[in-house]
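Structural description and commentary
Residues per chain, in single letters:
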Amino acid sequence: MIDANGYPQNVLVIGGGSEIAAAIVALLAENGLERLALAGPREESMAAVRDQIGPVVSTKLFELDLAEPERAGPVIDDAAAWMGTLDCTIVAAAILGDQTRDEVSPERVAVSLTINTVGPAAALTAVANRVESQGFGEIIVLSSVAGEVVRRRNYLYGAGKLGLDGFALGLAERLRPRASLLVVRPGFVRSRMTAHLDPAPLATTPERVAKDTLAALFAGRTIAWSPGILRWVMMVFRHLPRGLSRRIPF
Amino acid sequence: MTQQLSGWGKTPASFPAKLIQPTSDQEILEVLSGPLRTAPRGLGRSYGDAAQIAAGLVLDLTRLKPTFELDEKTGLLTVSAGYSLGEILERTLPRGWFIPVTPGTRFVTVGGAVASDVHGKNHHRDGSFSMHLSNLELLTPSGAMTLTSSDPAFAATAGGMGLTGVVSKITVKLLAVETSLIRAVTVPTRSLAETFEAMTRDDEYTYAVAWIDATATGSRLGRGLASFGEHAKIDELFGRTIDQPLAYHPKAVATIPVSAPSQLLNPLTVRLFNSAWFQAGAARCGEKITSLDGFFYPLDAVGSWNRLYGRRGFLQYQVVVPYGSEELIETIIGRLAAGGHPSFLSVLKRFGEQSMGLLSFPKPGWTLALDIPAKRPGLGELLRDFDRRVAAAGGRVYLAKDGRLDPELLETMYPNLRKFEEICHNLDPEGIMATDLARRLRIGGRH
Ligand SMILES: Cc1cc2nc3c(=O)[nH]c(=O)nc-3n(C[C@H](O)[C@H](O)[C@H](O)COP(=O)(O)OP(=O)(O)OC[C@H]3O[C@@H](n4cnc5c(N)ncnc54)[C@H](O)[C@@H]3O)c2cc1C
């Protein structure tokens, strides 16, 4: 169940190895989190999250590779059956890939968009159905500013997030007011996934994103930016003439 | 699609699969024989998730009103559970009978008053609501039964948060009064020590409660207005003669609209309100004759005042701690104020003996109730810490106000929990009776 302060007792993470999701879960663990289901393709990274959260939360790992989107439904059923209710679901699954390598490969493009858009959308649909029938629930979808304005340097990842972001916003309308769905748009997050890249301006951390996410969730918002200033930066950016914006290096 | 349900604090909220408003016992018994998890609901004045069940069936009992029988000689009232205390007063007070125990609002049903085993300003003398019942009728999945206070099922139902079944009718002994007015005395206090001190004189009065300015800090922490009262006798009206000493015409003076700005209550306005209230009260101290509503139900003058908190909602943190743990009261008030969680409305009083109710809240000691905006950063952690200290001190959190207690602490706070669950299981082997609160706190049943 969800308590009066918005804290869930049960959490499912799709993309269970995600560092941002782990940072969110760490905050929830201090506020009564009891059961954590981590679903993802790599057991080691999920086990690391489980160990980081510690034994106060009862954690179970579920194997799920969103490259096979049709597997999402059954895995979510299993996780929900184990937990009883799906109080809060965090959809964090994504691969960053390597833009220059992947952009010329039809196969890799297909895999990237499957994992970053099709799979999460399938998973979200299964979660949404459950939340509708159980009568309450919170859903957090990790999107990205990369999906706000798709850029040359990471258009494959950006296009994937753009699709997911749009899907999630539509789903939020479907679920309203039965359940709250929050789309989180972080900027450049320093994490394992981005360790090999030069940080973009306004870079942030998983912990900061986690804080901003919960603040927005509890305030009942549909979209969260992290850091918050990105909302205004992107608003300006979106309205620049394309000829100008494409030359701004970030 | 059914409507979203929550308690008075607006959080947590959930959607039932179905909501029905039965008007007869028969209808209720039929529902209870079905497979759906079922939660009784009165006027929704509990603050958290006690009167709702996500994806289940909610029985709104506010139309269950087949019986209203007052014996004018003895003051014994047999009344259906759907009547509100206000509706009862409107009929019995003009005949000289008052409800023996009343909470701070008249908008609660008889069923809700039993299920929460409510207390009033006279608890130190007269105990809780269930202690004034001669019997009650309970509808359970295994049938209807009439219970008296020596029955284990009665003890489970009094304070049992709707989990033993549906209370359909009670017989309660009313209190004889001469007027509908209250002789009230207000004493301002300048510190928590003074407030405690003033309240220990409560045995001179039937009614006693202290309002606390929970935004005052430092040496003023815990300052407030101790208020005491008695039902005024005819010859105590200070020479005023009154045509109808028992007249009672409650009315709301205002209602907060749905569209109220969401931040009307913020740390600044809460502090301003509390200071102003304290100053005004201190200026008007002394003895006076006041209306019954002004004394018992000041908040009822403003309809839907819970909307002032905006869409995040609010919660009430009410605890009781045994005598000797006064410093815990100070810690709670002080740390909430310091943490930027000012309480709009804060009340302190003493409890007397506890009732037979297995999950009944009141026990001897101090009770503190604080209204706090919910879902603010840091609040969850702070209250969890208080919970642990309260449990360790032998105190407890009031379930009728709760939406966030750590389930691990429940049995420490309510040592009769297992016995309660056993009785529930006997009355309801399939676990039909269920609420979001019970699921959250894992009380009995098939959660
Ligand atoms: C402004 C305000 C002041 C208050 N002051 C006090 C106070 O001074 N002292 C105090 O003790 N409480 C106080 N309360 C709390 C209130 O008295 C209790 O929560 C009471 O139970 C509310 O009654 P209700 O009819 O609204 O019940 P609901 O809130 O609808 O339900 C409360 C519980 O009762 C159960 N229930 C309701 N009807 C039945 C039934 N017929 N059979 C079985 N179970 C049933 C529900 O399942 C639920 O568990 C206050 C609340 C407010 C809003």
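Each remark here, short or long, concerns the structure printed above.
Every value quoted in this text rests on a predicted model; they were computed, and no experiment measured them.

1. Side note on the overall build of chain B
In terms of regular secondary structure, chain B is built from 13 helices and 22 strands. Relative to its length of 447 residues, chain B is compact, with a C-alpha radius of gyration of 21 Å against a globular reference of 22 Å. For chain B, buried positions account for 62% of its 447 residues. Restricting the contact set of chain B to residue pairs at least 6 apart, pairs at least 24 apart contribute 75%.

2. Focus on the pattern of salt bridges
Residues and elements named next belong to chain A. Scanning the entire structure with this criterion turns up 34 salt bridges over all chains. For Arg35, the salt bridge identified is with Glu34, shortest N-O distance 3.6 Å. Overall, the relative accessible area of 23% leaves Arg35 in the partly exposed class. Using a relative accessible area of 15% as the deciding quantity, one classes Glu34 as buried. The partner of Arg238 in a salt bridge is Glu148, and the shortest N-O contact between them spans 1.8 Å.

3. Remarks on the interface of chain B and chain A
Note on interface size: it is often stated as the accessible area lost on association of the parts. Each partner contributes residues to the interface: chain B has 27 residues there, and chain A has 22 residues. At the boundary of chain B with chain A, total buried surface from both sides reaches about 2,000 Å², with 51% on carbon and sulfur atoms. Of all residues in chain B, the largest losses of buried area upon contact with chain A belong to Phe15(B), Lys375(B) and Arg384(B), amounting jointly to 25% of the total for that side. Where chain B packs against chain A, one counts one salt bridge. In this structure, Glu34(A) and Arg442(B) form a salt bridge, with 2.5 Å as the shortest nitrogen-oxygen distance.

4. Some details on helix H1 (residues 25–32) of chain B
Within the span of H1(B), buried status applies to Ile28(B), Val31(B) and Leu32(B). Down the axis, H1(B) shows its buried residues gathered within 95 degrees of arc, on one side only.

5. Quick look at the packing of aromatic side chains
Residues and elements named next belong to chain B. This structure, assessed with the given rule, holds 22 aromatic pairs over all chains. Here Tyr47 and Phe314 contribute two aromatic rings whose centre-to-centre distance is 5.6 Å and whose plane-to-plane angle is 85 degrees, an arrangement assigned as edge-to-face. Here Tyr47 is found in the loop between strand S4 (38–41) and strand S5 (57–60), whereas its partner Phe314 is found in strand S19 (residues 314–321), with 267 residues between them in sequence. Both residues of the pair, Tyr47 and Phe314, count as buried. Members of the aromatic cluster, each reached through a chain of ring pairs, are Trp8, Tyr47, Trp211, Phe273, Trp277, Trp305, Tyr309, Phe314 and Phe344. Sitting above the plane of the Phe295 ring, Lys121 keeps its charged end 4.0 Å from the centroid. Positioned over the ring face of Phe278 is Arg223, at 4.1 Å from the centre of the ring.

6. Some remarks on a nonpolar patch on the surface
Residues and elements named next belong to chain A. On the surface, a nonpolar cluster with roughly 370 Å² of combined accessible area is contributed by Leu202, Ile229, Trp232 and Met235. One can find Met235 in helix H8 (residues 230–239). You can call Met235 partly exposed: its relative accessible area is 35%.

7. A word on the environment of Pro69(A)
Residue and element names in this part refer to chain A. Mapped onto the secondary structure, Pro69 falls in the loop between strand S3 (58–63) and helix H3 (72–83). Linking Pro69 and Thr114, residues 45 residues apart in sequence, is a C-alpha distance of 7.4 Å. Excluding its chain neighbours within four sequence positions, the residues that come into contact with Pro69 are Thr114, Val118, Gly119 and Ala122.

8. Details of the packing of helix H1 (residues 19–29) of chain A against helix H2 (residues 43–53) of chain A
Residues and elements named next belong to chain A. In contact at an axis separation of 10 Å, H1 and H2 are set at 25 degrees when each is read in the N-to-C sense. Taken together, the axis directions place H1 and H2 in an arrangement best described as roughly parallel. Considering the relative orientation of H1 and H2, their crossing is right-handed. Counted together, Ala22, Val25, Ala26 and Ala29 of H1 and Val49, Gln52 and Ile53 of H2 form the full contact between these two elements. Of the residues that constitute the contact of H1 with H2, the class distribution is six nonpolar, one polar and no charged.

9. Considering the pairing of S5(B)
Residues and elements named next belong to chain B. Alternating residues of S5 divide into Leu57 and Leu59 and Val58 and Asp60, and every residue in both groups is buried. Of the pairings in the sheet, the one linking strand S3 (residues 18–20) to S5 comprises three bridges and is parallel in character. Residue pairing across strands places Leu19 opposite Val58, the latter belonging to S5. Of the pairings in the sheet, the one linking S4 to S5 comprises four bridges and is parallel in character. Bridge pairing in S5 links Ala39 to Val58.

10. Quick notes on the site of the ligand
Residue and element names in this part refer to chain B. Among the 34 residues in the neighbourhood of the ligand, the closest are listed as Pro40, Gly42, Arg45, Ser46 and Thr109. His119 places a polar main-chain atom, nitrogen or oxygen, 2.8 Å from a nitrogen atom of the ligand. At a separation of 3.0 Å, an oxygen atom of the ligand approaches a polar backbone atom of Met161. Elements that contribute at least two residues to the shell around the ligand include exactly S4, helix H3 (110–115) and strand S11 (166–173). By residue number, the principal contributor to the shell around the ligand is H3, which donates three residues. Of the residues belonging to the shell around the ligand, the class tally is 19 nonpolar, 12 polar and three charged.

11. Quick look at the sheet that holds strand S9 (residues 133–140) of chain B
Strand pairing within a sheet occurs via backbone hydrogen bonds; the two strands may be parallel or antiparallel. Residues and elements named next belong to chain B. Read across the open sheet, the five strands follow the order S6-S7-S11-S9-S10; overall the sheet is antiparallel. Edge positions in the sheet fall to strand S6 (68–71) and strand S10 (143–147), since each has one partner strand and no second. Strand-to-strand twist across the sheet, computed as the mean angle between neighbouring axes with direction ignored, equals 10 degrees. In this sheet, S10 lies alongside S9 in antiparallel orientation, the contact comprising five bridges. Across the sheet, Leu136 pairs through a bridge with Leu147, a residue of S10. Contacts from H1 reach S9, S10 and S11, with the element oriented near 50 degrees to S9. Sitting on the sheet, helix H2 (residues 85–92) is in contact with S6 and strand S7 (76–80), with an inclination near 45 degrees to S6.

Rules of the game
- Residues numbered from 1 in each chain as written.
- Chains lettered and ligands numbered in written order.
- Predicted model: local features only at pLDDT ≥ 70, side-chain atom pairs only at ≥ 80, totals over all residues.
- Heavy atoms only, no water.
- Helix = DSSP H or I, 4+ residues; strand = E, 2+ residues; numbered from the N terminus.
- Rg over C-alpha atoms; globule rule 2.2 N^0.38 Å.
- Buried < 20%, exposed > 50% of the residue type's maximum accessible area, 1.4 Å probe, protein only.
- Contact = heavy atoms within 4.5 Å.
- Salt bridge = Lys/Arg side-chain N within 4 Å of Asp/Glu carboxyl O.
- Buried area = accessible area lost by both parts, 1.4 Å probe.
- Arc of directions from axis to C-beta.
- Phe/Tyr/Trp six-rings, centres within 6.5 Å; stacked < 30°, edge-to-face > 60°.
- Lys NZ or Arg CZ within 6 Å of the ring centre and 35° of its normal.
- Patch = residues over 30% accessible without salt bridge, like charges linked within 9 Å, V, L, I, M, F, W, Y side chains within 5 Å.
- Areas by Shrake-Rupley, 256 points an atom, 1.4 Å probe, with all protein chains shown as cover.
- Axes fitted to C-alpha atoms, helices over the stretch in contact; angles between N-to-C directions.
- Parallel < 35°, antiparallel > 145°, perpendicular 65-115°, else oblique.
- Left-handed = near helix turned anticlockwise from the far one by under 90°.
- Nonpolar A, V, L, I, M, F, W, Y, C, P; charged D, E, K, R; others polar.
- Pairing = 2+ DSSP bridges.
- Near = heavy atom within 4 Å.
- Polar contact = N/O pair within 3.5 Å; in protein donor to acceptor, adjacent residues only side chain to side chain.

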